[in-house]
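Listed below, chain by chain, are the residues.
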Amino acid sequence: MLEAKPKIVILATGGTIAGSIDNELETTGYKAGVIGIETLIKAVPQIKDLAQVSGEQVANIDSSNMTDEIWLKLAKKINELLKKDIDGVVITHGTDTMEETAYFLNLTIKSDKPVVLVGAMRPASAMSADGPKNLYNAVALAASKEAKNKGVMIAMNDKIQGARDASKTHTLNVDAFSSPNFGNLGYIVDGKVFFYNTNLKEHTKKTPFDVSKLDTLPKVDILYTYSNDGNGVAAKALFENGTKGLVIAGSGAGSIHQNQKEVLKELMKQGLKVAISSRVVAGSVALSKDDKDLGFINTQGLNPQKARVLLMLALTKTNDINTIQKYFEKY
Ligand code: SIN
């Protein structure tokens, strides 16, 4: 008997994969998030050979405008879908903030079924657009049995990358994503999925983060440190404006210019949570005993934008610095 094809739902949120301009030579200056999900699916009829596919438009935006509201809507929708007779979910998304959405879902989806984000670097109207092949690959990945319990993944340029480590590391090239600490999880070749690496951090069903009853998320912002740092002023203004946590993109292994650090120390006494990440692409933060004793949180190898995601979710559960520190070590 023929095995029924897996049921895959494609949730569309916009991005360059849904972008278009009236000139097939132009790969910049186009409008992202203008083409609807049905058109994207029709452009890749071969995905019907891989799975029973249906599509739903969740948003149609340039992902630089991503919001907590859309994140919560996506997480709730995916959790509902995966409780049903659906084998996997693909999310079409702009590449600019794809890594943040991927990590948010990696921490909030309560299923071991595959969840795959996909986008494109060239608009759908471009000569040699990368969207159709990326979408084909994403459906192949979401439909594959091997992709179960791998955490949320990104399928771009034939690579499979894990949500925790994958990051946009090129502004324009089609090979825009890399995973600086753990490396790729695998590749997709001619619709076949090959894994040769694993994500050792806990994810999805093993995290304590439940967004099912949340309508908002705690406000967490990111500040850089740099020579002659003037961001102490910004830290104070953000805290006074309701920010509950700050992630600092530290220099090196997580150092902060004394100008900013003195202000942060005062704000931490008033309840602000401060997590230290790094401006450096790869590696991990190493905090001194003094910094730990002051209450600074070590974000491990998470880049600032992903550390922000985890700090937001952590603050939905606790204000205890030691518990938050444990979350950063586990997830
Ligand atoms: C976006 O992130 O929505 C625009 C850029 C892209 O998708 O590559």
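Parameters and conventions
Residues numbered from 1 in each chain as written. Predicted model: local features only at pLDDT ≥ 70, side-chain atom pairs only at ≥ 80, totals over all residues. Heavy atoms only, no water. UniProt positions renumbered as here; feature names shortened; annotations may be inferred. Helix = DSSP H or I, 4+ residues; strand = E, 2+ residues; numbered from the N terminus. Buried < 20%, exposed > 50% of the residue type's maximum accessible area, 1.4 Å probe, protein only. Patch = residues over 30% accessible without salt bridge, like charges linked within 9 Å, V, L, I, M, F, W, Y side chains within 5 Å. Areas by Shrake-Rupley, 256 points an atom, 1.4 Å probe, with all protein chains shown as cover. Salt bridge = Lys/Arg side-chain N within 4 Å of Asp/Glu carboxyl O. Core = buried A, V, L, I, M, F, W, Y, C linked by side-chain atoms within 4.5 Å. Domains from an automatic or database assignment. Contact = heavy atoms within 4.5 Å.

A.B. asks: Describe in detail the UniProt feature "binding site: substrate" (unreviewed entry) in the protein, supporting the description with residues and values.
C.D. replies: UniProt marks Ser63, Thr95 and Asp96 with the feature "binding site: substrate" (unreviewed entry), using the numbering shown here. Over a stretch of 34 residues, the named residues converge on one spot in the fold, their C-alpha atoms separated by at most 7.0 Å. Secondary-structure assignment places Ser63 in the loop between β2 (52-61) and α3 (68-83). Relative to the helices and strands, Thr95 resides in the loop between β3 (88-92) and α4 (98-108). Since its relative accessible area comes to 4%, Thr95 is described here as buried.

A.B. asks: Give a detailed account of a nonpolar patch on the surface, specifying residues and quantitative values.
C.D. replies: A cluster of nonpolar side chains, Tyr187, Val189, Phe194 and Tyr196, forms an exposed patch at the surface whose accessible area comes to about 400 Å². With respect to the helices and strands, the residue Tyr196 is situated in the loop between β10 (192-195) and β11 (220-224).

A.B. asks: Please provide a residue-by-residue account of the pattern of salt bridges, values included.
C.D. replies: The tally for this structure, following the rule as stated, stands at 15 salt bridges. Residues Asp96 and Lys168 are paired through a salt bridge, measuring 2.7 Å at the closest nitrogen-oxygen approach. Taken together, the residues span a long stretch of sequence, with Asp96 in the loop between β3 and α4 and Lys168 in strand β7 (residues 167-168) at a distance of 72 residues. The closest approach of N and O atoms between Lys219 and Asp221, which form a salt bridge, is 3.0 Å. Judged by relative accessible area, which is 17%, Asp221 ranks as buried.

A.B. asks: I'd like to hear about the nonpolar core, residue by residue, with values.
C.D. replies: The biggest cluster of nonpolar side chains holds 54 residues, and the ones touching the most others in it are Leu11, Ile78, Ile91, Phe104 and Leu105. When residues are assigned to domains, this core turns out to be shared by domain 1 (7-206) and domain 2 (220-330), each giving three or more. Apart from the residues within four sequence positions on either side, Ile91 is in contact with Leu11, Thr13, Leu74, Ile78, Leu105, Val115, Val116, Leu117 and Val118. Membership of the second largest hydrophobic core comes to 30 residues, among which are Ile35, Tyr136, Leu141 and Ile160.

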